[in-house]
Amino acid sequence: MWEKYLNLQKSKYHSEIESVAFRYKTYGYHSSTMRIAFKNGKSYFGSARVDLMLKSFFEGLSSRPSCYKCHFKTLERCSDFTIYDCWNAEKLVNNLIDDDKGFTNLIVQSSKGEKILEEIKDKYELYSVEKAADLDGVMIWNSAQPHPRRNEFYHGIDEELLDNHVQKFAPIKVKDYLIEYSKKYLYNMSAFRYIRNKLR
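Because the structure is a prediction, the values reported are computed rather than measured. (Residues numbered from 1 in each chain as written. Predicted model: local features only at pLDDT ≥ 70, side-chain atom pairs only at ≥ 80, totals over all residues. Heavy atoms only, no water.)

1. A closer look at the side chain of Thr33
Alright, step 1. Its location among the elements puts Thr33 in strand 2 (residues 33–38).
Alright, step 2. A relative accessible area of 1% places Thr33 in the buried class. (Helix = DSSP H or I, 4+ residues; strand = E, 2+ residues; numbered from the N terminus. Buried < 20%, exposed > 50% of the residue type's maximum accessible area, 1.4 Å probe, protein only.)

Here it is as structure tokens:
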């Protein structure tokens, strides 16, 4: 699917690809955006609302089968650290102001990890692992959920253009395009962040 997605983008922009970012912060940390930079100088931006790859990913269509039964979705892991997105930083750290650049949680799993963390102890905040897990548990112990038609999706993926195929399983509606266009318009007017913060 990834190869088909890239070929579709190269065809649309008539250029080879220079770089890809899955979580570009066009509209801030809380809004996932795909950014593709092309060698001809053009750029593509698309949120999870309208981008074919992100839409498929968040709908549970494009993950590998191993993601649906992840053996590492537990607090006890074999790594020195577990590092993951902290979507609820404001609820963990008192008087923290969300600058929309993103925060990261880190759980130490070994004595080696503890030693490394001790060397940078002035760079972080300590709080309850249990509280962090309750707030952002999806990042720790909940495996991805497969789309009920995932097998059907992949069996027919080579039979038509990718945009037409995704539309059958994870429809992108006119409303989605209107919201995406509005975001770009408001962002250019520097009003997007203000409105989103008010809604949050």
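Still more ground to cover, so stick around.
2. Some remarks on the sheet that holds strand 1 (residues 17–21)
Alright, step 1. Ordered by their spatial adjacency, three strands build an open sheet running 1-2-3, and the pairing between neighbours is antiparallel. Either end of the sheet is taken by a strand with one partner, and the two such strands are strand 1 and strand 3 (43–47). Recorded for the sheet is a direction-independent mean angle of 10 degrees between the axes of neighbouring strands.
Alright, step 2. Looking at chain direction, strand 1 and strand 2 are connected through four bridges and run antiparallel. Looking at strand 2, one finds that Ser19 is bridged to Ala37.
Alright, step 3. Here helix 1 (residues 2–13) sits on the sheet and contacts strand 1, strand 2 and strand 3; the angle it forms with strand 2, its principal contact strand, is near 55 degrees. (Pairing = 2+ DSSP bridges. Axes fitted to C-alpha atoms, helices over the stretch in contact; angles between N-to-C directions. Contact = heavy atoms within 4.5 Å.)

3. Overview of the nonpolar core
Alright, step 1. In this structure, Tyr5 and Leu162 are the most contacted members of the largest nonpolar core, which totals 21 residues.
Alright, step 2. For this core, the secondary-structure elements that each account for two or more residues are helix 1, strand 2, helix 2 (52–58) and helix 7 (162–169).
Alright, step 3. With sequence-adjacent residues up to four places away left out, Leu162 is seen in contact with Met1, Lys4, Tyr5, Leu8, Leu52 and Ile157.
Alright, step 4. By size, the runner-up hydrophobic cluster in this structure holds nine residues, among which are Cys86, Ala89, Val93 and Ile140. (Core = buried A, V, L, I, M, F, W, Y, C linked by side-chain atoms within 4.5 Å.)

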